[in-house]
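Here's the letter readout for the chains.
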Amino acid sequence: MAKSKLLIALFGNTHQTEKSRYAHKVVELLKKKGAEILIEREFYECAKQSIGIFDDSHIFSSYDFEADLAISLGGDGTFLRAARFVNNKGIPILGINIGHLGFMADVNPEDIPHIINDICNKNYVVERRSVLEVALPEPNPEIFPFALNEVAVLKQDISSMIKIRVTVNGEYLTTYSADGLVIATPTGSTGYALSAGGPVVVPQSKSLVLTAVAPHSLSVRPIVLCDNIEVSLGVESRSHNYLVSVDGRSVRCNENDVLTIRRAPFDINIVRSANKTYFDTLREKLMWDGDLQK
């Protein structure tokens, strides 16, 4: 029986078209390996001058697609967008970093030939990453309910804090007076939560982290919880509304809306080079190899 072609779904940065030359390189290498390529439509419209013409059967614009593997060309924001498309399909995602920091998209552009060769030879590691699901009493079509990084509640105006009442499995935890609260997965612990003073949490820890944004108390510290619990948030605001951010996509909610956050019933699979570990990425991205005494 003939071996079926490797089917790759390609996503990319839709804002920095000057970086689309990397897409041309990826497409060229994949074609040489005999892979079949699908391209997300919005990215294709930005990059088609660099990557050439694809017929409509190889371009998709909805969540209704299938592939053996997805490749994200960009930074972590592009990776999160690819994850939204993949959703619960279980398709592994490889992130090639042509953005800034890149914790999820951690393959450097100069390593593109090597990683393409590895994925075509199935020489890679897949890490399962937990996802958060956020629910309102009534579904809001503006909120995509799943987050690979974090769910954050934030004040909408610049003049006053909000109060966030937190319960865990129905038990009252505390009420934060702050500019906001970030509920992060281990994957998201190196994102917004880290900039707000939260800890770095390894992906396999089966936990989530609550980190207040600019709290009005020196005693407030981040808290790490098991991810098999349900967190409910009730918000009081002087303006009677607040923002909910799900992996950076924000929508305004009324203060009567109580958010419920729990682990989603599926994971996102991240492709890692067989020669690179999570700790390698931490040392590189956080510059932990530097000798501060020099």
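The present account deals with the structure reproduced in this document. In this text, all values refer to a predicted model and were calculated from it rather than measured experimentally. (Residues numbered from 1 in each chain as written. Predicted model: local features only at pLDDT ≥ 70, side-chain atom pairs only at ≥ 80, totals over all residues. Heavy atoms only, no water.)

## So, the pattern of salt bridges
Where we set the bar: The working definition used for a salt bridge is a side-chain nitrogen of Lys or Arg within 4 Å of a carboxyl oxygen of Asp or Glu. Numbering of helices and strands starts at the N terminus; helices are DSSP runs of H or I of at least 4 residues and strands are runs of E of at least 2. When accessible area is computed with a 1.4 Å probe and restricted to protein chains, residues below 20% of their type maximum are described as buried, those above 50% as exposed, and intermediate ones as partly exposed.
Scanning the model with the defined rule gives 14 salt bridges in all. The residue Asp179 makes a salt bridge to Lys155 at a minimum N-O spacing of 3.3 Å. One end of the pair, Asp179, is in the loop between strand S10 (171–178) and strand S11 (180–184); the other, Lys155, is in the loop between strand S8 (150–154) and strand S9 (162–168), and 24 residues separate them in sequence. Owing to a relative accessible area of 22%, Asp179 belongs among the partly exposed residues under this scheme.

## Things to note about the sheet that holds strand S13 (residues 223–226)
Spelled out, the test is: Pairing between two strands is assigned when DSSP locates at least 2 bridges connecting them. To obtain an axis, a line is fitted to C-alpha atoms, over the contacting stretch when the element is a helix, and the angle between two such axes runs from 0 to 180 degrees between their N-to-C directions.
The 6 strands are arranged S13-S12-S11-S8-S15-S16 in an open sheet whose pairing can be described as antiparallel. The strands lining the two open edges of the sheet, one partner per strand, are S13 and strand S16 (249–254). Neighbour to neighbour, the strand axes of the sheet diverge by 20° on average, direction disregarded. Sheet analysis places strand S12 (residues 207–213) next to S13, joined by 4 bridges and oriented antiparallel. Looking at the pairing, Leu210 lines up with Ile223 of S13.

## Structural notes on helix H4 (residues 112–120)
In plain terms, the rule: Pairs of residues are marked as contacts when any of their non-hydrogen atoms sit within 4.5 Å.
Within H4 the residues assigned to the buried category are Ile112, Ile115, Ile116, Asp118, Ile119 and Cys120. Lining the buried residues of H4 we find helix H1 (21–32), strand S4 (69–74), strand S5 (93–97), strand S6 (124–135) and strand S17 (259–273). The positive-phi residue at the C-terminal boundary of H4 is Lys122, with phi of around 55°.

## Quick word on unusual backbone geometry
Even without glycine at this site, Asn169 takes up a positive phi of about 50°. Not every positive phi belongs to a glycine, and Asp247 is a case in point at roughly 50°. Secondary-structure assignment places Asp247 in the loop between strand S15 (241–246) and S16. Of the residues examined, Asp247 reaches a relative accessible area of 10% and is grouped as buried.

## Some details on the packing of H1 against H4
Rules: Crossings are classed by handedness, with left-handed meaning an anticlockwise turn of the near helix from the far one by less than a right angle and right-handed meaning a clockwise turn. Side-chain classes follow a simple rule in which Ala, Val, Leu, Ile, Met, Phe, Trp, Tyr, Cys and Pro form the nonpolar group, Asp, Glu, Lys and Arg form the charged group, and the remainder, Gly included, forms the polar group.
Interaxial distance between H1 and H4 falls to 10 Å at its minimum, and their mutual angle equals 40°. Taken as a pair, H1 and H4 cross one another with a handedness that is right-handed. Each of Tyr22, Lys25, Val26, Leu29 and Leu30 in H1 lies in contact with H4, whose residues at this interface are Ile112, Pro113, Ile116, Ile119 and Cys120. Its residues assigned to classes, the contact of H1 with H4 shows 9 nonpolar, no polar and 1 charged.

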